[in-house]
Amino acid sequence: MDNNLLAKYAKLTVCKGANVQKGQYVVIKAPYFAAEFARMCALEAYKREASYVECNLFDEQLTRLHYKYASEDELKNLPQWQYDKSKYAIDKGCCYIYITSPIPDVFNDVDAKLLADVNLAVNQKMKPLQYYTTNSVGQWTIVAYPNVKWAKKLFSDLDEDDANEKLLKAILQAVRVDEENDPNILWDKHDKDLLDHCRKLNEYNFESLHFVNDLGTDLYVGLVRDHIWAGGMEITTDGRKISFNPNMPTEEVFTMPDRNRVNGKVVATKPLCHNGKVFSDFSFVFKDGLIVDFDAKTEKEYLRQVLDMDEGTRHIGEVALISYDSPISNQNILYYNTLFDENASCHLALGACYPSNIKNGDLMDDEQLLANGGNISINHIDFMFGSKDMNVYGKTYSGEEIQIFKCGNFCI
């Protein structure tokens, strides 16, 4: 791997993604095989005079062994010190850098119910701290790093080294990093373009959206009153007003649907990798905001377990628009990773809404968000349903219908 390019990527992650501030506590979470890149990010954070960089490495294959052999009680019992450690960092006003590098199918032989039950128990324990990222109180960013198993899943015809290099090249291309450019300048322009889409959509102030394509999607999504479209750069809500990019790459603009006003059928157009299991060829039927029927070609039982984790998971908390003719979509790579696949396609999210997508949402508690149509859940699971023939129509409060997407792309 080209260390110069990786160093440029690390600098982009720290400066434009997390935007680490002088004296700030930084938390990096990364798989063990991304340790070198995590060190590069730590170095860049210290160059920006971070007070301390905490680095937590994990291993999904070791986690699989825990699921196979550890007792269920121990798996569900998240130690208090882990909660306290996270709270300590949040109380210090930390920023988070998440380095994702999935191993698709790693939990294929793990019992679906056990996986769902443990995930539920851990999420419930950590729920009081989720506000910090979901409300954008502090900065956070997610970036990707390749691994051999992931690369071979994508490029099975190549040997391991070539596959890994090809995946790294694709990742760097998606985040606008190459040998010659200054990616910070490109990201400034990209953020401006996304904000321009948001401005137009906010000016229309649509009451609802209608999605339709030839694959079977025919879905009406009501939007909450006083909703806000966002995308690209965000600003912290804790008074410091620090800009950051939560997802790198990102191509989406998104807002808050009304959890009780979603009706019709949506057909996924890409597989979804969730907790090491892969759902494919799946669809949902909504009635008054609730998923009342669903199907999936693979992992249907685990999907059922996920949907039943809490009441909010059968509602949606996010609707996002991405043109079919966009950089990641044009790579024509199925990444089996939501960070990339969601940015190649219009998507919805099962579960929690982002309070920043409604006026004064950062000041609302859970009951107030629910009263305003927002959704509360321990989950936030994006799935993709955009297509090259997707048409999207917005309905205004005056009853006017405006076409937003034509043949998969923005037309406003």
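See the structure above.
Remember, predicted model here, so these are calculated numbers, not experimental data.

Caption draft 1: Geometry of unusual backbone geometry. P249 follows M248 through a cis peptide bond whose omega is 15 degrees. Among the structural elements, P249 can be located in the loop between β8 (243-244) and β9 (253-255). The phi torsion at E49 lies on the positive side, around 65 degrees, for a residue other than glycine. Phi is positive for D288, which is not a glycine, with a value near 50 degrees. Following the sequence through the fold, D288 ends up in the loop between β13 (283-287) and β14 (290-295). The partly exposed category is assigned to D288, whose relative accessible area is 47%.

Caption draft 2: Looking closely at the packing of aromatic side chains. All chains considered together, the criterion is met by 22 aromatic pairs. Ring centres of Y32 and F33 lie 5.0 Å apart, and the angle between their planes is 65 degrees; on these two criteria the pair is classed as edge-to-face. Taking the relative accessible area as the measure of exposure, Y32 reaches 43% and is therefore partly exposed. When the centroid spacing of 6.5 Å and the interplanar angle of 65 degrees are considered together, the rings of F284 and F286 count as edge-to-face. Residue classification places F284 among the buried positions, given a relative accessible area of 1%. Here the aromatic residues F279, F282, F284, F286, Y302 and F383 are joined through ring pairs into a cluster of three or more. Positioned over the ring face of Y336 is K153, at 4.8 Å from the centre of the ring. In this arrangement the basic side chain of R176 is found over the ring face of W187, its NZ or CZ atom lying 5.7 Å from the centre.

Caption draft 3: Quick peek at the layout of surface pockets. In this structure, the second largest pocket spans a volume of roughly 280 Å³. Surrounding the second largest pocket, 17 residues form its lining, I228, A230, E234, I235 and S356 being those nearest its centre. Of the residues belonging to the lining of the second largest pocket, the class tally is nine nonpolar, six polar and two charged.

Parameters at a glance
- Residues numbered from 1 in each chain as written.
- Predicted model: local features only at pLDDT ≥ 70, side-chain atom pairs only at ≥ 80, totals over all residues.
- Heavy atoms only, no water.
- Helix = DSSP H or I, 4+ residues; strand = E, 2+ residues; numbered from the N terminus.
- Buried < 20%, exposed > 50% of the residue type's maximum accessible area, 1.4 Å probe, protein only.
- Phe/Tyr/Trp six-rings, centres within 6.5 Å; stacked < 30°, edge-to-face > 60°.
- Lys NZ or Arg CZ within 6 Å of the ring centre and 35° of its normal.
- 1 Å grid on protein atoms, 1.4 Å probe; cavity = no way out; pocket = protein on both sides within 12 Å on 5 of 7 lines; lining within 4 Å.
- Points joined across faces, edges and corners; volume = space filled by probe spheres on them.
- Nonpolar A, V, L, I, M, F, W, Y, C, P; charged D, E, K, R; others polar.

Nothing here speaks to function; it is all geometry.
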